[in-house]
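# Structural overview for review
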Amino acid sequence: QVQLVESGGGLVQAGGSLKLSCAASARTFSSYVMGWFRQVPGKDREFVAHVSWSSGSTSYADSVKGRFTISRDNAKNTVYLQMNSLKPEDTAVYYCAARQLFKRTYDYWGQGTRVTVSS
């Protein structure tokens, strides 16, 4: 069983930065991919970024490329999302998720952390 706990959300002005954290607990993470998603009320959940726990390879949505950086700290079992140059359209609830490397769907989700970017 994997448990994910996000933190770091809040209110920030446009152009500012926030760093989200996702503390993960599991027996082993070497075969997992960790992702960040976001959701605005009334819209589908949107992929933001993911990182392979073992290789460190990353992928980003076009809307955040060059502004957001996903990383992981193996010793702390924590995944981060550094968000720079924030825009009002980045306002959403951000979720951390985990899936096994060979699967395409995410099986484990955190409770979400709210990010609000004011103009």
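The structure we're discussing is the one just above.
These remarks concern the structure in this document.

## A short note on the overall build of the chain
Secondary structure summary: the chain contains zero helices and 11 strands in total. Each helix (α) and strand (β) of the chain, taken in turn from the N terminus, gives the series β-β-β-β-β-β-β-β-β-β-β. Rg of the C-alpha trace for the chain: 13 Å, near the compact-globule value of 14 Å for 119 residues, within the 12% margin. Taken along its principal axes, the extent of the C-alpha atoms in the chain is 40 × 25 × 25 Å. Within the chain, contacts between residues at least 6 apart in sequence are counted, and of these 54% link residues at least 24 apart. Accessible area of the chain: about 6300 Å², with a carbon and sulfur share of 46%. The averaged location of the 8 negative side-chain charges in the chain is 4 Å from the averaged location of its 14 positive side-chain charges.

## With respect to the sheet that holds strand β7 (residues 68-73)
Pairing within the open sheet is antiparallel, and its four strands lie in the order β1-β3-β8-β7. Edge positions in the sheet fall to β1 (3-7) and β7, since each has one partner strand and no second. Averaged over all neighbouring strand pairs, the angle between strand axes comes to 15 degrees, with direction disregarded.

## Re the side chain of R99
Along the chain, the position of R99 falls in strand β9 (residues 92-100). One buried charged side chain, R99, makes no salt bridge at all; its nearest oppositely charged neighbour is D107, positioned 8.7 Å away. At a separation of 2.6 Å, a polar atom in the side chain of R99 contacts the main-chain carbonyl oxygen of K103. Every residue in contact with R99, bar those within four places of it in the chain, is listed here: S31, Y32, V33, H50, R104, T105, Y106 and D107.

## Description of the pairing of strand β3 (residues 18-25)
Pairing of β1 with β3, which is carried by five bridges, proceeds in the antiparallel orientation. Looking across to β3, one finds that V5 is bridged to A23. Of the strand pairs in this sheet, β3 and strand β8 (residues 78-83) are connected by six bridges, and their pairing is antiparallel. What sits directly across from L18, in β8, is M83.

## Re the nonpolar core
Generally speaking, a soluble globular protein has its nonpolar side chains buried in company with each other. Within the largest apolar cluster, 30 residues are counted, with the highest numbers of intra-cluster contacts made by M34, W36, L81, M83 and Y94. Elements that contribute at least two residues to this core include exactly β3, β4 (32-39), β5 (46-52), β7, β8, β9 and β11 (113-118).

## Remarks on the packing of aromatic side chains
Under the criterion given, the structure shown has five aromatic pairs. Ring centres 5.0 Å apart and planes at 80 degrees place the aromatic pair F37 and Y106 in the edge-to-face group. Here F37 is found in strand β4, whereas its partner Y106 is found in the loop between β9 and β10 (108-109), with 69 residues between them in sequence. Grouping aromatic residues by their ring pairs yields a cluster made of F37, F47, Y106 and W109. A cation sits over an aromatic face here: K19 above Y80, 4.5 Å from the ring centre. Between the NZ or CZ atom of R45 and the centre of the ring of Y95, over which it lies, the distance is 4.1 Å.

Reading the values: rules and limits
Residues numbered from 1 in each chain as written. Predicted model: local features only at pLDDT ≥ 70, side-chain atom pairs only at ≥ 80, totals over all residues. Heavy atoms only, no water. Helix = DSSP H or I, 4+ residues; strand = E, 2+ residues; numbered from the N terminus. Rg over C-alpha atoms; globule rule 2.2 N^0.38 Å. Contact = heavy atoms within 4.5 Å. Areas by Shrake-Rupley, 256 points an atom, 1.4 Å probe, with all protein chains shown as cover. Lys, Arg positive; Asp, Glu negative; His and termini not counted. Charge placed at Lys NZ, Arg CZ, Asp CG, Glu CD. Pairing = 2+ DSSP bridges. Axes fitted to C-alpha atoms, helices over the stretch in contact; angles between N-to-C directions. Buried < 20%, exposed > 50% of the residue type's maximum accessible area, 1.4 Å probe, protein only. Salt bridge = Lys/Arg side-chain N within 4 Å of Asp/Glu carboxyl O. Polar contact = N/O pair within 3.5 Å; in protein donor to acceptor, adjacent residues only side chain to side chain. Core = buried A, V, L, I, M, F, W, Y, C linked by side-chain atoms within 4.5 Å. Phe/Tyr/Trp six-rings, centres within 6.5 Å; stacked < 30°, edge-to-face > 60°. Lys NZ or Arg CZ within 6 Å of the ring centre and 35° of its normal.

That is the geometry; function is a separate question.
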